[in-house]
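Residue-level listing of the chains:
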Amino acid sequence: MRGADTAAKNRLGPASDEDDLKTNTRDFSYTAKAIRHPSVLAKSYSVQKQQTFVKNKKWSTKIPKPELRNRATVANELQRLRDEDMPGPKRTGSPSGIAYSNMKNKDSEIVFGVSPCYLALAHGRRALHGLYVKESRVQQRPEVREIYRLAESLGVTVQQASRRALDGLCGGRVHQGMCLEASPLGYVADNERIAQCTPGQSLWLVLEGIQDPMNMGALLRTAYFLGVDRVVASLHNSCPLSPVVSKASAGAMEALPVYGSDDLPDLLKTQIAGGWQVIGTVGTATKAVHVPVLPCSEFHWSQPTILALGSEGSGLSAEVLALCGCLLTIPPGGEPTLGMDSLNVSVAAGILLHSLVSCKRMKR
């Protein structure tokens, strides 16, 4: 009888206050463990942070756990990197923190970006007036420490500046926390010097009427990376070698002399008389031409070669086309649609130059 009563009581629930206390204690321990779980703590911290923001109008919540403190540190670091690599709003007037009128010398310009500034210092093709670096932990980066060392060895003054000041110096462009005041760097405009070939040179890149500075910078970066011996651009209807071009080239413009010619057809005739061949480029929808048209992968060369590229809109002029012994094309992977039947000039240059350089290496 007693066993039956006990079983009935167990089915109905706790038999006493003591049993109630034991059950509640057990449930509380499970709840406490759940609250201590990192995901719950994160949610709790988020809610607490929002409440603190509403009350105090600022973020001042104490971070309860080391894990969350580490997360906050990582988030701050990512935010800092984003601020350094993204352009700020364009500002006018004198940038704060720098006496702009006293800083900028007559006829100087502002080179911006880590690689352009470093290569401008390393190659010494400009007159250098001052280096301006963001007031942050950017100075801890190894490449920036090397720039500091190089600037000090050259006697260039290094000055820390706020992000707003740097934005003002470069017109709100992406400066990566670094600007360099230096003399302009233009084309090497000497026709006699252009025509003088260094022994062993075998590949030139000739650019006619490239007006977009971003394309010009990408072309110079590609030419430098793939080992082009010389780059020549038409002085007429081409963009100047500005700091924007230098940044787009990742600083290649500082290391690679860019020659400028006021008469490309005459220069090409001189080179052809000296044993060079000139090859041009055409799109997929090619009209009748007087020379062979080959896919770039089928072209093989055994003599010094000049690759000529025209402007983004009209391509090569009739005078330059008439001097080409062959025209190269880049076959598309599928059926091109209207407006998508060609490549950007800098992308096309990368494909064509890589094909030419690969062919030369195979012959070796």
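Just so you know, these numbers come straight off a predicted model, no measurement behind them.

The rules behind these values
- In this numbering scheme, every chain counts its residues from 1 along its sequence in written order.
- At least 70 in pLDDT is required for a residue's local features to be given in this predicted model, at least 80 for side-chain atom pairs to be given and counted, and no such filter applies to totals for whole chains, interfaces and linings, which use all residues.
- Water and hydrogen atoms play no part in the side-chain values, which are based on all heavy atoms of the structure.
- Exposure classes here rest on a 1.4 Å probe applied to the protein chains alone. A residue is buried below 20% of its type maximum, exposed above 50%, and partly exposed in between.
- Helix and strand labels come from DSSP, where a helix needs a run of H or I of at least four residues and a strand needs a run of E of at least two; each type is numbered from the N terminus.
- Only strands joined by at least two bridges in the DSSP assignment are considered to pair.
- For this analysis, residues touch if any pair of their heavy atoms sits within 4.5 Å.
- A fitted line through C-alpha atoms serves as each axis, taken over the contacting stretch for helices, and the angle formed by two N-to-C directions is quoted from 0 to 180°.
- Note on scores: pLDDT gives the predictor's confidence for each residue, bounded by 0 and 100.
- Note on terminology: a nonpolar core comprises buried Ala, Val, Leu, Ile, Met, Phe, Trp, Tyr and Cys residues joined through side-chain atoms within 4.5 Å.
- Only residues above 30% relative accessible area that lack a salt bridge enter a patch, with like-charged residues linked at up to 9 Å and the nonpolar side chains Val, Leu, Ile, Met, Phe, Trp and Tyr linked at up to 5 Å.
- Residue burial considers only the protein chains on display, and all accessible areas are found by Shrake-Rupley using a 1.4 Å probe.
- Salt bridges are defined as contacts in which a side-chain nitrogen from Lys or Arg sits within 4 Å of a carboxyl oxygen from Asp or Glu.

## Thoughts on the pairing of strand 7 (residues 258-261)
When a strand is regular, its side chains alternate between the sheet's two faces.
Link 1 in the chain: A two-sided burial pattern is seen for strand 7, the buried positions comprising Val258 and Gly260 on one face and Tyr259 and Ser261 on the other.
Link 2 in the chain: As paired strands, strand 6 (residues 230-234) and strand 7 are joined by 4 bridges and run parallel to one another. Residue pairing in the sheet places Ala233 in a bridge with Gly260 of strand 7.

## So, the environment of Ser234
Link 1 in the chain: Here Ser234 shows up in strand 6.
Link 2 in the chain: Taking the C-alpha atoms as reference points, Ser234 and Ile210, separated by 24 residues in sequence, lie 8.3 Å from one another.
Link 3 in the chain: Those residues within four positions of Ser234 in sequence are excluded, and the remaining contacts are Leu207, Glu208, Gly209, Ser261 and Leu264.

## Let's talk about the sheet that holds strand 4 (residues 178-182)
Link 1 in the chain: Strand order in the open sheet formed by 4 strands is 1-4-2-3, with mixed pairing between adjacent strands. In this open sheet, the two strands that pair with only one neighbour each are strand 1 (109-112) and strand 3 (158-161). Going from strand to strand, the sheet's axes swing by 25 degrees on average, the running direction of each strand aside.
Link 2 in the chain: Two strands pair when backbone bridges link them, and strand 2 (residues 128-134) and strand 3 are joined in this way by 4 bridges, in the parallel orientation. From the neighbouring strand, Tyr132 faces strand 3, where its bridge partner is Gln159.
Link 3 in the chain: Of the strands in this sheet, strand 2, strand 3 and strand 4 touch helix 7 (residues 142-154), which is tilted by about 155 degrees from strand 2.

## So, the confidence of the model for the chain
Link 1 in the chain: With 66% of its residues at a pLDDT of at least 70, the chain reaches an overall mean of 77.
Link 2 in the chain: When the criterion is pLDDT under 50, residues 7-15 qualifies, and its contacts beyond four places in sequence or with other chains add up to 2 contacts.
Link 3 in the chain: Between residues 84-102, whose pLDDT stays under 50, and residues either more than four places distant or in other chains, the model counts 38 contacts.

## Topic: the sheet that holds strand 5 (residues 203-207)
Link 1 in the chain: One open sheet holds the 7 strands; their spatial order is 7-6-5-10-8-11-9, and the pairing between them is parallel. Single-partner strands in this sheet number two, and they are strand 7 and strand 9 (293-295). The average undirected angle you get between the axes of adjacent strands in this sheet is 30 degrees.
Link 2 in the chain: Across 3 bridges, the pairing between strand 9 and strand 11 (residues 326-329) is parallel. Counted as the bridge partner of Pro295 is Thr329 from strand 11.
Link 3 in the chain: Sitting on the sheet, helix 10 (residues 213-225) touches strand 5, strand 6, strand 7 and strand 10 (305-309), and the angle it makes with strand 5 is about 180 degrees.

## Comments concerning the nonpolar core
Link 1 in the chain: Among the nonpolar cores identified, the biggest contains 35 residues, and Leu205, Leu207, Met216, Val231 and Leu309 are the most heavily contacted of them.
Link 2 in the chain: Contributing elements (two or more residues each) for this core: strand 5, helix 10, strand 6, strand 10, strand 11 and helix 15 (345-363).
Link 3 in the chain: For this core, the leading source of residues is helix 15, giving 7 residues.
Link 4 in the chain: Not counting the four nearest positions on each side in its chain, Met216 is found in contact with Tyr187, Leu207, Ile210, Cys239, Leu241 and Val245.
Link 5 in the chain: Trp204, Val206, Val278 and Leu316 belong to the second-largest nonpolar core, a separate cluster that totals 19 residues.

## Overview of a nonpolar patch on the surface
Link 1 in the chain: There is a patch of nonpolar side chains on the surface, built from Leu343, Val347 and Ile351 and spanning about 230 Å² of accessible area.
Link 2 in the chain: By the element assignment, Val347 lies in helix 15.
Link 3 in the chain: On the basis of relative accessible area, Val347 is assigned to the partly exposed category, the value being 42%.

## Examining the pattern of salt bridges
Link 1 in the chain: Inspection of the entire model under this criterion finds 4 salt bridges.
Link 2 in the chain: The partner of Glu109 in a salt bridge is Arg126, with the nearest N and O atoms 2.7 Å apart. Of this pair, Glu109 sits in strand 1 while Arg126 sits in the loop between helix 6 (114-123) and strand 2, and the two are 17 residues apart along the sequence. For the pair Glu109 and Arg126, one class covers both residues: buried.
Link 3 in the chain: Here Asp167 ties to Arg163 by a salt bridge, and the two come within 3.8 Å at their closest N and O atoms. Pair noted here: Asp167 and Arg163 are both in helix 8 (residues 163-170), with a separation of 4 residues, about one helical turn.
Link 4 in the chain: Classification of Arg163 as partly exposed rests on a relative accessible area of 24%.
Link 5 in the chain: When salt bridges that share partners are traced, they join Glu109, Arg126 and Glu254 into one network.

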